[in-house]
Structure formats: structure tokens, C-alpha cells
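Chain by chain, the residues run as shown.
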Amino acid sequence: MGCSQKADNGDSGDASDSGDSDLITVGYAQVGAESDWRTANTESFKSTFTKENGYELIFDDAQQKQENQIKAIRSFIQQGVDYIVVAPVVETGWETVLEEAKAEGIPVILSDRQMDVSDESLYECWVGGNFIKEGEDGGHWLEDYLKEKGMDGEEINMVTLQGTIGASAQVGRTEGFANVLAENDNWNMLELQTGEFTQAKGQEVMESFLKKYDDIDVVIAENDNMAFGAIDAIKAAGKTCGPDGDITIISFDAVKAAFDAMIAGDLNCAVECNPLHGPRVAEIIQKLEAGEEVDKIQYVDEELFDTSMDLEEIVKTRAY
């Protein structure tokens with residue numbers, strides 16, 4: 001994936017020892033490298049928080065473990081960074097370490113995923129996608145698609161490959177799609193199971209769904225990589241998917257590989273989750289440096305793409 005592991009590219013070291021006292025030191029506790037989306041997100045931070053731009057970045061890959069992130073945050077505090085950015089693995093269990101950061105006067109910015117804390121003053125703000133809206137957008141797209149195919153009155157059987165349980169993207173996308181599901185009596189959600197946002201696990205779960213259920217019409221994959229795993233499982237089972245196939249697949253993230261899958265006719269729809277958070281976070285830090293107030297919730301702009309669009313033209317302008 002090209003996603004760097006813990007503290008590489010000279011991104012490590014004690015901030016106080018750097019000799020660049022004019023640089024703003026930012027510690028970024030990343031979830032891991034579980035998907036193409038995450039790789040693009042990491043690169044967005046690494047290309048934004050450079051010495052040329054006035055920053056010292058200390059990057060940590062938590063390998064999808066909360067305990068690793070907590071350890072990284074404590075390390076950032078010990079090193080005396082100016083700001084801490086966290087893409088939390090899950091939503092709960094952060095109060096203690098955030099209180100430690102607050103006690104040292106270090107502002108914390110959340111990226112991508114949210115935290116469920118009793119005291120919201122423990123973090124400055126959150127930057128990311130509107131996950132509930134993403135789920136609803138996927139559901140409304142399916143309503144329109146079935147209507148267009150003359151299938152809006154038929155029984156529709158579906159399964160969901162959920163993301164890491166408890167992660168904001170999983171919680172929001174599941175809830176958002178469920179809101180639309182509740183409005184369609186002929187939609188049957190056969191089962192929801194986590195594929196942990198990875199291609200391998202997505203494939204494994206889809207294989208078990210195909211063995212268990214004879215008639216799956218729609219797969220909801222809560223990220224692109226799980227959708228790619230599902231596509232592999234569907235083909236291996238002798239079935240087809242995509243606009244001309246047996247099974248409709250809706251995915252989330254809309255990385256370049258998802259455009260490739262749509263162009264190839266394997267994937268129907270990709271709901272965008274914009275990973276390029278680096279510039280927005282840098283903008284927030286500059287406002288905080290200037291003593292300005294910042295909005296607590298800051299959504300990034302997102303779209304939806306499907307096979308009715310000129311995807312080959314659109315993908316030429318995509319940064320991820």
C-alpha cells in the first residue's frame with residue numbers, strides 16, 4: 001500500500017531536540033494501513049505537515065489497536081508536541097489520555113472518526129465525513145436504482161459487510177443505511193457482519209454469506225476494500241455482480257480502485273468519503289495559533305459516483 005509504518009521518514013524523535021523551535025510540532029496517531037482510503041489519508045497528512053510548510057510531523061501507525069494509539073498519544077505528550085491529531089480506532093475509552101493531554105495544554109484534533117467522551121472540551125474539534133449522510137446517500141441511490149430497473153416493488157434481499165465495530169464510519173454508515181431501509185418494507189437485511197474494513201476479511205465474510213443465503217440481491221460494503229473482497233468471493237462462487245450481474249454492490253470511500261471496479265462492471269456505486277484531511281487540519285491549527293475559535297464539527301465535501309457517469313473522465317482528476 002505504500003503506507004508508512006511507525007515513525008518513519010524521519011518523522012520520529014523528541015520534538016524538543018529537533019532544533020527547529022520555530023516549527024509547529026504535530027503528533028498524528030493514525031489507525032493503521034487497513035485500506036486504500038487510509039493510505040491516501042496518511043499521505044495527505046505527510047504531504048501537508050512538512051518542514052517546508054512550517055511543521056514537524058511525528059507519525060504513528062497504531063495497526064488498528066486502540067492501546068497502540070493511547071501509547072502513541074502518551075509519547076506525543078512526553079515529547080511536548082504542540083498539537084495532537086488522532087484518527088481513533090473506536091469511539092470510547094479515551095477520557096484518561098485526553099485529560100493527560102489537556103493537563104499539559106496540548107490541543108487535540110480528531111480526524112475521520114469521532115470519540116464518545118463525557119467532556120467535549122477534551123478535544124478542540126473533529127474533521128471528517130458525515131457518515132450517517134453517507135449511509136443515507138447509499139440507501140437513496142439504491143431506491144432510485146431499483147425504481148429505474150423496475151424492481152422497486154420486488155422483495156430485495158441484502159447483506160452488509162460492516163466496518164470495524166464501534167468505529168465512527170461503521171456506526172454512521174450502518175445507521176444511515178438503516179434509516180432508508182426502514183422506509184422500504186420490501187427490503188430484507190438478511191445479516192450484518194464485520195469485515196473489519198479489510199479486503200481479506202471482507203472476502204471471508206462474503207464467502208460465508210453466499211454459503212448461507214441462496215438469493216442475495218444487494219451487498220452493502222462499508223468500505224471499498226471489503227467490496228473488492230466481496231467481488232472476489234462472488235466470482236469464485238460462480239455468480240456475477242455489478243450493473244449487469246446477479247448482485248448489486250454499494251461501496252463507501254470511492255478510492256481510485258473503486259472507479260476501476262465500476263469501470264470494469266463489478267461495482268455499481270461508490271459513496272465518497274474524502275480522505276484528504278491534512279489541509280483542513282492545517283487550516284484549523286493556523287486558526288488556533290492565531291487565537292481564533294474553530295467550529296467543533298467540520299465536514300469535508302463528499303459526492304456519490306455510479307456507473308451511469310463518465311467515470312474514466314472523473315478519475316483523471318482524482319487525488320486518491
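All values reported here derive from a predicted model rather than from experimental measurement.

A. Fine view of empty space enclosed by the protein. In this structure the tally under the stated criterion is one cavity of 30 Å³ or more. By volume, the largest cavity amounts to about 90 Å³. Taken together, 13 residues line the largest cavity, and the ones lying closest to its centre are W37, R38, R173, F197 and D253. Along the lines of polarity and charge, the residues of the lining of the largest cavity split into five nonpolar, two polar and six charged.

B. Inspection of the state of the cysteines at higher detail. For the structure shown, the criterion picks out zero disulfides. Here C125 is not cross-linked by a disulfide; its sulfur's nearest cysteine counterpart is in C273, at 17 Å. Note on C125: relative accessible area 0%, which makes it buried. There is no disulfide at C241, and the cysteine sulfur nearest it, in C269, is 14 Å away.

C. Quick look at the packing of helix α7 (residues 224-236) against helix α8 (residues 256-263). One can describe the packing of α7 onto α8 by two numbers: an axis separation of 9 Å at closest approach and a directional angle of 35°. For the element pair α7 and α8, the recorded crossing hand is left-handed. Contacts between α7 and α8 involve D224, F228 and I231 on the former and, on the latter, A257, A258 and A261. A breakdown of the residues in the contact of α7 with α8 according to their chemical character gives five nonpolar, no polar and one charged.

D. Inspection of the sheet that holds strand β7 (residues 187-194) at higher detail. Across the sheet, six strands lie side by side as β7-β6-β8-β9-β10-β12; this open sheet has mixed pairing. Unpaired on one side and paired on the other, β7 and β12 (304-306) mark the two borders of the sheet. Along the sheet, successive strands turn relative to each other by an average axial angle of 15°, direction set aside. Bridge count between strand β6 (residues 156-162) and β7: seven bridges; the pairing is parallel. Paired with Q162 across the two strands is T194, which belongs to β7. Here helix α4 (residues 131-148) sits on the sheet in contact with β6, β7, β8 (218-221), β9 (248-253), β10 (269-272) and β12, set at roughly 155° to β9.

E. Structural context of the confidence of the model for the chain. Residues of the chain with pLDDT of at least 70 account for 94%, and the chain-wide mean is 92. In this model residues 1-19 is a low-confidence stretch, pLDDT under 50, and it forms 39 contacts with partners more than four residues away in sequence or in other chains.

F. Spatial organisation of the environment of F177. Assignment of secondary structure puts F177 in helix α5 (residues 168-181). Take F177: its relative accessible area is 3%, and that puts it in the buried class. F177 sits 11 residues away from G166 along the chain, and the two C-alpha atoms are 16 Å apart. Once you skip the residues sitting within four places of it in the chain, F177 turns out to touch G135, E136, G138, G139, L142, M158, W187, M189 and I220.

G. The packing of helix α2 (residues 66-79) against helix α3 (residues 95-103), seen in detail. Remark: α2 packs on α3, axes separated minimally by 10 Å, with the N-to-C direction vectors making an angle of 10°. Relative to α3, the element α2 is oriented roughly parallel. Here I70, I73, R74 and I77 of α2 lie close against α3, whose contacting residues are T96, V97, E100 and A101. Among the residues forming the contact of α2 with α3, the class breakdown is five nonpolar, one polar and two charged.

H. Molecular detail of the pattern of salt bridges. A complete count under the given rule lists 15 salt bridges for this structure. Taking the shortest distance from any N to any O, the salt bridge between E134 and R173 comes out at 2.8 Å. On the criterion of sequence distance, the pair formed by E134 in helix α4 and R173 in helix α5 is long-range, its members being 39 residues apart. The exposure classification of E134 matches that of R173, with both residues buried.

I. The arrangement of the environment of G138 in detail. Examined against the element boundaries, G138 turns out to sit in helix α4. Looking at G138, the relative accessible area reads 0%, which means it is buried. Here the alpha-carbon distance between G138 and T48, two residues 90 residues apart in the chain, equals 31 Å. Setting aside chain neighbours within four positions, we find G138 in contact with F177, I250, V271 and L304.

So, how was this worked out
Residues numbered from 1 in each chain as written. Predicted model: local features only at pLDDT ≥ 70, side-chain atom pairs only at ≥ 80, totals over all residues. Heavy atoms only, no water. 1 Å grid on protein atoms, 1.4 Å probe; cavity = no way out; pocket = protein on both sides within 12 Å on 5 of 7 lines; lining within 4 Å. Points joined across faces, edges and corners; volume = space filled by probe spheres on them. Nonpolar A, V, L, I, M, F, W, Y, C, P; charged D, E, K, R; others polar. Disulfide = S-S within 2.5 Å. Buried < 20%, exposed > 50% of the residue type's maximum accessible area, 1.4 Å probe, protein only. Axes fitted to C-alpha atoms, helices over the stretch in contact; angles between N-to-C directions. Helix = DSSP H or I, 4+ residues; strand = E, 2+ residues; numbered from the N terminus. Left-handed = near helix turned anticlockwise from the far one by under 90°. Contact = heavy atoms within 4.5 Å. Pairing = 2+ DSSP bridges. pLDDT = per-residue confidence, 0-100. Parallel < 35°, antiparallel > 145°, perpendicular 65-115°, else oblique. Salt bridge = Lys/Arg side-chain N within 4 Å of Asp/Glu carboxyl O.

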